[in-house]
Amino acid sequence: MSKQTDDFFKQVVSHAKEYGFVFPSSEIYDGLSAVYDYGQLGAELKNNLKQYWWKAMVQLHENIVGIDAAIFMHPTTWKASGHVDGFNDPMIDNKDSKKRYRADQLIEDKITRYETDGKADKAQQLQTDLDAALNDDDLPRLKAIIEEHGIVCPVSGTKNWTEVRQFNLMFSTQMGASAEDAETVYLRPETAQGIFVNFLNVQKSGRMKVPFGIAQIGKAFRNEVIARQFIMRMREFEQMELQFFVRPGTELEWYEKWKEIRLKWHLSIGGNPVKYRYHDHVKLAHYANAAVDIEYEFPFGFKEVEGIHSRTDFDLKQHQKFSGKKLQYFDPEINQNYVPYVIETSIGLDRLFLTVLCNSFEEQDLSTGDKKDARSVLRFHPTLAPVKAAVLPLTKKDGLPDKAREILGRLKMDYNVQYDEKDSIGKRYRRQDAIGTPFCITVDYQSLEDNTVTLRHRDSMEQERVAISDLNRIVDDLVGWKNMLAAL
RNA sequence: GCGGAAGUAGCUCAAUUGGUAGAGCGAUAGCCUUCCAAGCUAUAGGUUGCGGGUUCGAGACCCGUCUUCCGCUCCA
């Protein structure tokens, strides 16, 4: 990361904290690693992003509906999805080479070596020990085996090992009041499974016909080994996902379609097109037959914001297998029963939030001649802005505040608006710029005579004279959802 | 998780070899002001991340710990 972009990112982060967008979690206790809270303005912005996504996906598509599944799910869900096995590896580090290995693989390698050396007995015995230890999840035993057999690090050649540790990316907790019969349940590491297990419920109760989609916005939790870069990778995060069910054989067609739709959506929130790109996955996950990321160029480089995966029928088939329930669809057009294929689009909402911040923030130089001047401005799309308008009396005397509050009273029925009478009018404009308010409405002496006000625009800093009676209509045209949605 | 760096007011930073923690911006209450910040007066806000140690005395030195950043590693 260059010095310049590094400074820019630091500015964005401190601006986010200074103006109430994002705070470190439980900061008075030193914070909690990789957990953040959204403040008064951050919550508004995040809610607007969610609403925009939901409207664009659910409201605009006849064949997409939204659900809200619980964070807790039956433990078997995660066996079926592969999360229990896939993320339960016993790891060990060599302190000299700083390399990390899977403990069971180190031992497997040793077994192979015994075999090639013709020590079949030893190999057999070690295999038995290993299987027993893995079966019992006995981590100290694994460490003991490594020590007993003098296994060394392939890189450093030393036996200077750490303890064997289990790396499971899923958070777990106990369900059930008493400790004896409590059951271990997980905090979901992805929202997708809540959709898959409800596939039939939604399909039948909603009379859905393939192709159709189920959308969901919700929290997910991953116990990341390392989590860094502000809200890029958090332990508790929010996803916005669509699982789109299609007839087998048509999935790649739909995959291409969703790739296009989703990029267009990102561009519609005001992003600079050169900052977005597709990044195809070379190595595909076990469940996918095509996968691409939509990446955004953050100050620290291109990073994934949204993933679009062709998940085949892997998930539904797994749940069929583990639950013993049929998860199939009868397609009247071709008179066939089948397990639908799935195209997934999955956004990290917190990352999306960060792209919007990075995209919008500017330290603008307004110097003219010898007069130095600058402002911090967040150029949010007006529809997404946390505060839509500020109503400002030019001075706080002569009845101007009363008139301003009257206008405020009408606007606040429809929008999040602010009132401010402190300090000079210029300073108040700048304060609103800093939180990204697209419009300021200023009440002056003329307003008292002819019921007009000035409407000041954040981006151009220009102002126009408008009638108070026209305000609701004008503001609605500028910040309503219609504009954004029509552009899709 | 390993290695390196850092942590002082809401933000950006000061504080001679260890000797009474300050400034600018921001905020609050006023004054001034008829449309683009930094004018005037006053005020608030810090056990220097936290805990321990050395010392007559620690923001500074030592140990531990937490958090953040950078690199490596990891990322179904």
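Look up a bit, the structure's there.
Residues numbered from 1 in each chain as written. Chains lettered and ligands numbered in written order. Predicted model: local features only at pLDDT ≥ 70, side-chain atom pairs only at ≥ 80, totals over all residues. Heavy atoms only, no water.

Section: the layout of surface pockets
Empty space among the atoms becomes visible once a probe the size of a water molecule is rolled across them.
1) Next: Roughly 1,200 Å³ of internal volume is contained in the largest pocket.
2) Next: For the largest pocket, the lining is made up of 40 residues, of which Glu190, Arg222, Tyr287, Glu304 and His309 are closest to its centre.
3) Next: Of all the elements in the fold, those that place two or more residues in the lining of the largest pocket are α4 (83-86), β10 (236-246), β12 (290-298), β13 (301-312), β16 (341-348) and α12 (349-360).
4) Next: If you tally residues by element for the lining of the largest pocket, the top one is β13, at 5 residues. (1 Å grid on protein atoms, 1.4 Å probe; cavity = no way out; pocket = protein on both sides within 12 Å on 5 of 7 lines; lining within 4 Å. Points joined across faces, edges and corners; volume = space filled by probe spheres on them. Helix = DSSP H or I, 4+ residues; strand = E, 2+ residues; numbered from the N terminus.)

Details of the protein's contact with RNA strand B
1) Next: With respect to spatial proximity, 43 residues lie near RNA strand B, and among them His83, Arg233, Lys372, Asp373 and Met461 are the closest.
2) Next: Per the 4 Å cut-off to the protein, sugar and phosphate atoms form 48% of the nearby atoms of RNA strand B.
3) Next: Glu18 places a side-chain nitrogen or oxygen 3.4 Å from a sugar or linking oxygen of RNA strand B.
4) Next: Between RNA strand B and Asp30 there is a distance of 3.2 Å, counted from a base nitrogen to a side-chain nitrogen or oxygen.
5) Next: Of all the secondary-structure elements, those providing two or more residues to the surface near RNA strand B are α1 (3-18), α14 (425-435) and β22 (452-457).
6) Next: Considering each element in turn, the surface near RNA strand B owes the most residues, 6 residues, to α14.
7) Next: Considering only residue class, the surface near RNA strand B consists of 14 nonpolar, 10 polar and 19 charged. (Near = heavy atom within 4 Å. Polar contact = N/O pair within 3.5 Å; in protein donor to acceptor, adjacent residues only side chain to side chain. Nonpolar A, V, L, I, M, F, W, Y, C, P; charged D, E, K, R; others polar.)

Some points on the packing of helix α2 (residues 40-59) against α12
1) Next: Close contact between α2 and α12 brings their axes to 10 Å; oriented N to C, the two are set at 110 degrees. In terms of their interaxial angle, α2 and α12 are classed as roughly perpendicular. Of the residues in α12, those in contact with Gly42, Leu45, Lys46, Leu49 and Lys50 of α2 are Leu349, Asp350, Leu352, Phe353 and Val356.
2) Next: Grouping the amino acids of the contact of α2 with α12 by side-chain chemistry returns 6 nonpolar, 1 polar and 3 charged. (Axes fitted to C-alpha atoms, helices over the stretch in contact; angles between N-to-C directions. Parallel < 35°, antiparallel > 145°, perpendicular 65-115°, else oblique. Contact = heavy atoms within 4.5 Å.)

Here's the deal with the sheet that holds strand β11 (residues 276-280)
1) Next: Pairing within the open sheet is mixed, and its 7 strands lie in the order β3-β9-β10-β16-β13-β12-β11. Looking at which strands have only one partner, the edges of the open sheet turn out to be β3 (64-67) and β11. Averaged over neighbouring strand pairs, the angle between their axes works out to 25 degrees when direction is ignored.
2) Next: Inspection of the sheet shows β13 paired to β16 by 6 bridges, in the antiparallel sense. Note that in β16 the partner of Glu306 across the bridge is Ile347.
3) Next: Packing of α2 onto the sheet brings it into contact with β3, β9 (212-221), β10 and β16, and relative to β9 it is tilted by some 160 degrees. (Pairing = 2+ DSSP bridges.)

Observations concerning the packing of helix α5 (residues 103-116) against helix α7 (residues 139-148)
1) Next: Orientation of α5 relative to α7, taken along the N-to-C sense of each, is 35 degrees, at an axis distance of 10 Å. Crossing angle aside, the handedness with which α5 passes α7 is left-handed. Facing Ala103, Leu106 and Ile107 of α5, the residues of α7 in contact are Leu142, Ile145 and Ile146. (Left-handed = near helix turned anticlockwise from the far one by under 90°.)

A look at unusual backbone geometry
1) Next: For the bond from Val210 to Pro211, the omega torsion is 5 degrees, close enough to zero to count as cis.
2) Next: Within the fold, Pro211 resides in the loop between α9 (199-205) and β9.
3) Next: Even without being a glycine, Asp398 presents a positive backbone phi close to 60 degrees.
4) Next: Of note, Asp398 is situated in the loop between β19 (389-393) and α13 (400-411).
5) Next: A positive phi angle, close to 75 degrees, is found at Asp423, a residue other than glycine.
6) Next: For Asp423, a relative accessible area of 32% corresponds to the partly exposed category. (Buried < 20%, exposed > 50% of the residue type's maximum accessible area, 1.4 Å probe, protein only.)

Regarding a nonpolar patch on the surface
1) Next: On the surface, Ile71, Phe72 and Met175 cluster together to form a nonpolar patch covering roughly 260 Å² of accessible area.
2) Next: If you trace the backbone, Phe72 turns up in the loop between β3 and α3 (76-81).
3) Next: Residue class for Phe72 comes out partly exposed when judged on its relative accessible area of 44%. (Patch = residues over 30% accessible without salt bridge, like charges linked within 9 Å, V, L, I, M, F, W, Y side chains within 5 Å. Areas by Shrake-Rupley, 256 points an atom, 1.4 Å probe, with all protein chains shown as cover. Salt bridge = Lys/Arg side-chain N within 4 Å of Asp/Glu carboxyl O.)

Some remarks on the nonpolar core
1) Next: The biggest cluster of nonpolar side chains holds 59 residues, and the ones touching the most others in it are Phe21, Leu352, Phe353 and Leu354.
2) Next: The biggest single contributor to this core is α2, with 8 residues.
3) Next: With sequence-adjacent residues up to four places away left out, Leu354 is seen in contact with Phe9, Phe230, Ile231, Met232, Phe298 and Phe300.
4) Next: Counting residues in each nonpolar core, the second largest holds 21 residues, with Leu400, Ala404, Leu408 and Leu455 among its members. (Core = buried A, V, L, I, M, F, W, Y, C linked by side-chain atoms within 4.5 Å.)

Considering the pairing of β13
1) Next: When β12 meets β13, the two strands line up antiparallel, connected through 9 bridges. Note on β13: the bridge partner recorded for Ile294 is Glu306.
2) Next: In this antiparallel pair of consecutive strands, β12 and β13, the connection spans 2 residues.

A word on the sheet that holds β19
1) Next: Strand order in the open sheet made by the 5 strands is β20-β19-β21-β22-β23, with mixed pairing throughout. Only two strands of the sheet have a single neighbouring strand rather than two, namely β20 (417-419) and β23 (463-467). Taken pair by pair, the neighbouring strands of this sheet meet at an average axis angle of 25 degrees, ignoring direction.
2) Next: Pairing analysis gives 5 bridges linking β19 to strand β21 (residues 439-443), with the strands arranged parallel. The residue of β21 that forms the bridge with Val391 is Ile441.

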